[in-house]
Amino acid sequence: MRVDLGGDLRPHRSAKIEAHLRVDVTAGGAPAELPAIELAVIIAVDVAEPLRAAVRHALPAALRALPDGISFTVLGAGPEPVRCHPGDDAEWAVADGREKRRAAFAAGALPLHRDGPRPAGYAVWAAGARALLAARPLSVRHLLLITDGSSAPGETRLDEELDLCAGHFTCDVLAVGADWTPEPLLTLAERLHGTAEFVDDGLGAAITAAIRRLRRVHAPQLPIEVTVRPSVRQVALNEKAPRPHRLGGLPQPGRPHRWSFPTYQWEEGGRDYLLTLVADADHDPLETYLQFAMVSVGDVHAAVTARWHRPELPPPDLPAGAASVRDQKSTTVMREALRRGLVALGEERRDAAQGHLGRAARLADRFGTDWVLDEIRAVADIEDAPAGRVRLRSAVAADTLGPMILRAGSRPVPLTDTGGPRPGPRCVRCATPAGGEARYCIACGEKLL
């Protein structure tokens, strides 16, 4: 774990301290999938009857492809979420050959929205999942929501329900059709640590891929703890990569200066966070390095240190971490500019759309983020990316904007190499990295120590 700070601080009350936190995770043994018996997955289909063709073949195929041993249930959509499989009084099925055949057959008669009442938005689906998963205390508990947006009108209590769901399960959203609204889907994915994705075709493969991702999870929940000095009054932690998430901090009883930020679905690889502290300089010495916080993940710790610098003196050289923090913030600005530009374009505010998309193009060119430039090219001609000049096309199909907004808010960000050596030895024969306690190479069997 490494912390990079964005420079020295000007002493005043409520000073903002921003730091880039990078966490790299290396597997210490042979790569293996999480056993399916540790997973409970709800497949919820929030789709209106006219779009039955979108799920008719995909859902049965995905159910037949479930790994044996996984706990699953399939919900359809009536006036309230309706259980499609398993039947009778059972709430959960455990996948084997027989159960998968029965589930695939039952999916052919999946209840879908027809004329009449609809569930009052996505809060109903989240509440139903929370109740079902409470009775299934497995390592990974997940809601996979397939939606066309037909139940979204009338949404009133999504934020309230997501507060109740936080920490109990995670959620991926697969959007089908063209009439859904991106914002609540992005809210679901961000608050419940999943991904929102538009699926034009290949729904069955998308369901299977989502479940396969869950099986790569080796640490279902891993808190990042931040212990601060008494002069720090506010703490915030936001995941920036691989997917943007707003993390909620939990105060620790009896530890007024310690905060725990639960995170989910850890795989081998790296994550980037932006840590923000608000501190007072009232009683601190100037020009002295102080520890403002200690960040801990398990038994790995990193200090957040900085000094209050006298305003009348020339500013010192910025540390290497300053660029890292600026890049984290600029990446967030780039995503937001892309999203705002697409929203403005859908609302026919073309001048605003051109300004936002120009800013996104300039930042994407700076960071070499090709996917952002590709998204912009779908609706505009990029005349000069470094200068941020774009020219909107005269006509843009309205049904293309929703998926683009979804990708802007939920698409994974490629992680940059940390540049430092990975922990643990490497095999002298094949150069495969190994965990710090490894004795033999997991690739070729060569003795390491």
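A quick note: this is a predicted structure, and the numbers were derived from the prediction, not measured. (Residues numbered from 1 in each chain as written. Predicted model: local features only at pLDDT ≥ 70, side-chain atom pairs only at ≥ 80, totals over all residues. Heavy atoms only, no water.)

Moving on, we get to the pairing of strand 17 (residues 269–279). Buried residues dominate strand 17, accounting for 10 of its 11 residues. In this sheet, strand 17 lies alongside strand 2 (residues 15–25) in antiparallel orientation, the contact comprising 11 bridges. Residue pairing for strand 17: E18 is matched across the bridge by T276. Two strands pair when backbone bridges link them, and strand 12 (residues 232–241) and strand 17 are joined in this way by eight bridges, in the antiparallel orientation. From the neighbouring strand, E239 faces strand 17, where its bridge partner is Y273. (Buried < 20%, exposed > 50% of the residue type's maximum accessible area, 1.4 Å probe, protein only. Helix = DSSP H or I, 4+ residues; strand = E, 2+ residues; numbered from the N terminus. Pairing = 2+ DSSP bridges.)

Moving on, we get to the sheet that holds strand 14 (residues 250–252). Spatial ordering of the open sheet is given by 14-15-11-18-19, a layout of five strands whose pairing is antiparallel. The sheet is open, and its two edges are formed by strand 14 and strand 19 (300–306), each paired on a single side. Geometrically, the sheet is characterised by an average inter-axis angle of 25° between neighbouring strands, direction not taken into account. Pairing between strand 11 (residues 224–228) and strand 18 (residues 290–297): five bridges, direction antiparallel. Following the sheet pairing, E225 is matched in strand 18 by S296. (Axes fitted to C-alpha atoms, helices over the stretch in contact; angles between N-to-C directions.)

Attention now moves to the pattern of salt bridges. With the rule as written, the count across this model stands at 30 salt bridges. Salt-bridge contacts for R22 lead to D24; the nearest nitrogen and oxygen are separated by 2.9 Å. Residue classification places R22 among the buried positions, given a relative accessible area of 7%. Here E161 makes a salt bridge to R130, at a shortest N to O gap of 2.8 Å. Pair noted here: E161 is in helix 5 (residues 158–165) and R130 is in helix 4 (residues 122–134), with a separation of 31 residues, a long-range link. (Salt bridge = Lys/Arg side-chain N within 4 Å of Asp/Glu carboxyl O.)

This part is about the side chain of H113. With respect to the element layout, H113 can be found in the loop between helix 3 (97–106) and helix 4. Given a relative accessible area of 1%, H113 falls into the buried group. Setting aside its immediate chain neighbours within four residues, H113 contacts D46, V47, A48, E49, A77, G78, R118, P119, S150 and S151. (Contact = heavy atoms within 4.5 Å.)

Turning next to the packing of aromatic side chains. Working definition: an aromatic ring pair is given by the centre-to-centre distance plus the angle between the planes. All told, the structure shown has two aromatic pairs when counted by the stated rule. Between W180 and F198, the aromatic rings sit 5.8 Å apart at their centres with planes inclined by 40°, giving tilted as the arrangement. Separated by 18 residues along the polypeptide, W180 in the loop between strand 8 (170–175) and helix 6 (182–191) and F198 in strand 9 (residues 196–198) bring together distant segments of the chain. Residue classification places F198 among the partly exposed residues on the basis of a relative accessible area of 23%. Considering the side-chain rings of F292 and W308, the 5.5 Å spacing of their centres and the 85° angle between planes classify their relative orientation as edge-to-face. Of the two residues, F292 sits in strand 18 while W308 sits in the loop between strand 19 and helix 8 (321–346), which places them 16 residues apart along the sequence. Look at F292 and you get buried, because its relative accessible area is 1%. Positioned above the aromatic ring of F292, the side-chain terminus of R229 is 5.6 Å from the ring centre. (Phe/Tyr/Trp six-rings, centres within 6.5 Å; stacked < 30°, edge-to-face > 60°. Lys NZ or Arg CZ within 6 Å of the ring centre and 35° of its normal.)

Below, the discussion takes up unusual backbone geometry. Residue P86 follows H85 across a cis peptide bond; omega there is 5°. You can see P86 is positioned in the loop between strand 5 (81–85) and strand 6 (93–94). The amide bond that connects A241 to the next residue, P242, takes the cis arrangement and shows omega of 10°. Within the secondary structure, P242 is located in the loop between strand 12 and strand 13 (245–246). Despite not being glycine, S14 has its phi angle at roughly 60°, a positive value. Relative to the helices and strands, S14 resides in the loop between strand 1 (2–5) and strand 2. Even without glycine at this site, H193 takes up a positive phi of about 60°.

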